[in-house]
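Here is how the chains run, residue by residue.
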Amino acid sequence: MRIGKQDRPFSAISTATPEAITVRGKDLCGDLIGKTDFTSYFWFLVTGAEPDENQLFFANAVLTAIAEHGLVPSVVAARMTYAAAPEAFQGAVAAGLLGCGSVVLGSAEIAGAFLADLVSGGGDPLAAVRALRAEKKAVPGFGHPLHNDGDPRANLLLRLAAERGAEGPHIAMLRAVKAALPDAIGRDLPINVNGAIPAVMLDVGFPLKALKGISLLARTASLIGHLQEETERPIGFILSGHAAEAIEYDGPAR
C-alpha cells in the first residue's frame, strides 16, 4: 500500500562506494574526520552548509545550556529503565528521550513555531497571548517552576546575542511578547531557556523544523552521563521506591 508522495526517491545526506563515504558532498575521511568538531558537523548534517562563527558559537551555547538540569523527568525515566533493564543501555536512553514533549524538553519547538508565526505574519503579540489564554494554553517560552526571578540560562543567551550582534526579528518578538504579558495575563513572566533557544537559533539561521533536534541531541549527552553514573552509583530503584512512598492509594477499600 502506498502512503504519501512516491515521486521523489532522493536523499542528499550521504552515499558510499567501496572506496569512500560522501556526506553532504564532502569526503568523510578526507574532509571531515579530524578536521571538524562535532557541533559543526551537526549543523552541516542538518542544514547542508558549514556554520559561520556566530552559528557555531550559539549552537555550542544552546547545546550546553539545555543538556543538563538535574533529575528531570527524562533523566528519572532513563535511570529507572536502566535499573530494570541494565542490558539495554540504548533502551534507557530512548526512555529518556520519548518524553520530549510540549511541557518538558520539547517546548523550544513550540515556542519557536509561536515566534516564527508572529514574525512571518506580522502578528500582534498582545492579541496572540490573549488568544492563548482564551484557550487556557500556556505562553510558550515563558515562566519556570524554579527560576521565578529569571532563567539564568535564558538571560545569558540573550545577553550573548546582544553582545555578538546576533539579535534579529525572533529575539525582538520574544521581547515584545514579554512586554505584552502584564496587559494580556495581568502579570509578568520570565523568559525561560526554551524561549531564548529558539529565538536565538532562528535568528542565526537554524531551521525551524529541526529545533526539537537541539534538545534531543543535548539531552542524549546528559542521559549517557546519568546512565554511566547509574552503573557506578545506582539510584534508579531508590527513585522508584520514593515514588511508591509518595503516592497514596485512594481506590476502593478491599
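Data block above holds the structure.
A.B. asks: For the overall build of the chain, give the residues involved together with the corresponding values.
C.D. replies: Broken down by element type, the chain carries twelve helices and three strands. Counting only C-alpha atoms, the chain reaches 70 × 50 × 45 Å along its principal axes. Of all 254 residues assigned to the chain, the portion counted as buried reaches 40%. Considering only intrachain contacts with a sequence separation of at least 6, the fraction spanning at least 24 residues in the chain is 71%. As displayed, the chain offers around 14500 Å² of accessible surface, 58% of which is attributable to carbon and sulfur atoms. Charge-centre separation for the chain: the mean point of 22 positive side chains lies 5 Å from the mean point of 27 negative side chains.

A.B. asks: Account for helix α10 (residues 193-203), naming residues and giving values.
C.D. replies: Burial analysis of α10 places eleven of its eleven residues in the buried class, which makes it a mostly covered element. Considered for burial, the residues of α10 that qualify are V193, N194, G195, A196, I197, P198, A199, V200, M201, L202 and D203. Buried residues along α10 sit against α2 (38-47), α3 (53-67), α6 (107-121), α8 (152-163), α9 (169-185) and α11 (211-232). The positive-phi residue at the C-terminal boundary of α10 is G205, with phi of around 105°.

A.B. asks: Just give me the short version of the packing of aromatic side chains, but keep the residues and values in it.
C.D. replies: Summed over the entire model, instances satisfying the criterion amount to four aromatic pairs. With a centroid separation of 5.0 Å and 85° between ring planes, the pair formed by F57 and F58 is classed as edge-to-face. When its relative accessible area of 30% is taken as the criterion, F57 is described as partly exposed. An aromatic cluster is defined as three or more aromatic residues linked by ring pairs; in this entry it consists of F42, W43 and F206.

A.B. asks: Lay out the sheet that holds strand β1 (residues 14-16) in plain terms, naming residues and giving numbers.
C.D. replies: The strand order across the open sheet built from three strands is β1-β2-β3, with neighbouring strands paired in antiparallel fashion. The open sheet terminates on both sides in strands that have one partner only, identified here as β1 and β3 (26-27). Two elements, β1 and strand β2 (residues 21-23), share three bridges in a ladder whose sense is antiparallel. Bridged to A16 within β2 is I21.

A.B. asks: Before we move on, can you summarise the nonpolar core with the specific residues and values?
C.D. replies: F58, F142, L157, V177, M201 and I214 are the most contacted members of the largest nonpolar core, which totals 48 residues. Elements supplying a minimum of two residues to this core: α2, α3, α6, α7 (125-134), α8, α9, α10 and α11. Sort the elements by how many residues they give to this core and α3 lands first, with eight residues. Leaving out residues up to four positions away in the same chain, V177 has contacts with F114, L118, P125, V129, V139 and F142. By size, the runner-up hydrophobic cluster in this structure holds eight residues, among which are V72, V75, Y82 and L227.

About the cut-offs
- The numbers attached to residues start from 1 for each chain and follow its sequence in the written order.
- Note on the predicted model: pLDDT of at least 70 is required for a residue's local features to be given, and 80 or more for side-chain atom pairs to be given and counted; whole-chain, interface and lining totals, by contrast, use all residues.
- To obtain the side-chain values, all non-hydrogen atoms of the structure were used and water was disregarded.
- In DSSP terms, a helix is any run of H or I states spanning at least four residues, a strand is any run of E spanning at least two, and both are numbered starting from the N terminus.
- Exposure is judged per residue with a 1.4 Å probe applied to protein chains only, and the accessible area is read against the type maximum: over 50% gives exposed, under 20% gives buried, and values in between give partly exposed.
- In what follows, a contact means two residues having at least one pair of non-hydrogen atoms within 4.5 Å.
- Each accessible area is a Shrake-Rupley result for a 1.4 Å probe, and residues are judged covered by the shown protein chains and nothing else.
- Asp and Glu count as negative and Lys and Arg as positive, but His and the ends of the chain are not part of the count.
- Note on charges: their place is set at NZ of Lys, CZ of Arg, CG of Asp or CD of Glu.
- Centres within 6.5 Å are what make two rings of Phe, Tyr or Trp a pair, Trp counting through its six-membered ring; a difference in plane orientation under 30 degrees is then read as stacked, over 60 as edge-to-face, and the rest as tilted.
- At least two DSSP bridges between two strands are needed for those strands to be called paired.
- Only buried Ala, Val, Leu, Ile, Met, Phe, Trp, Tyr and Cys residues count toward a nonpolar core, and they belong to the same one when joined by side-chain atoms within 4.5 Å.

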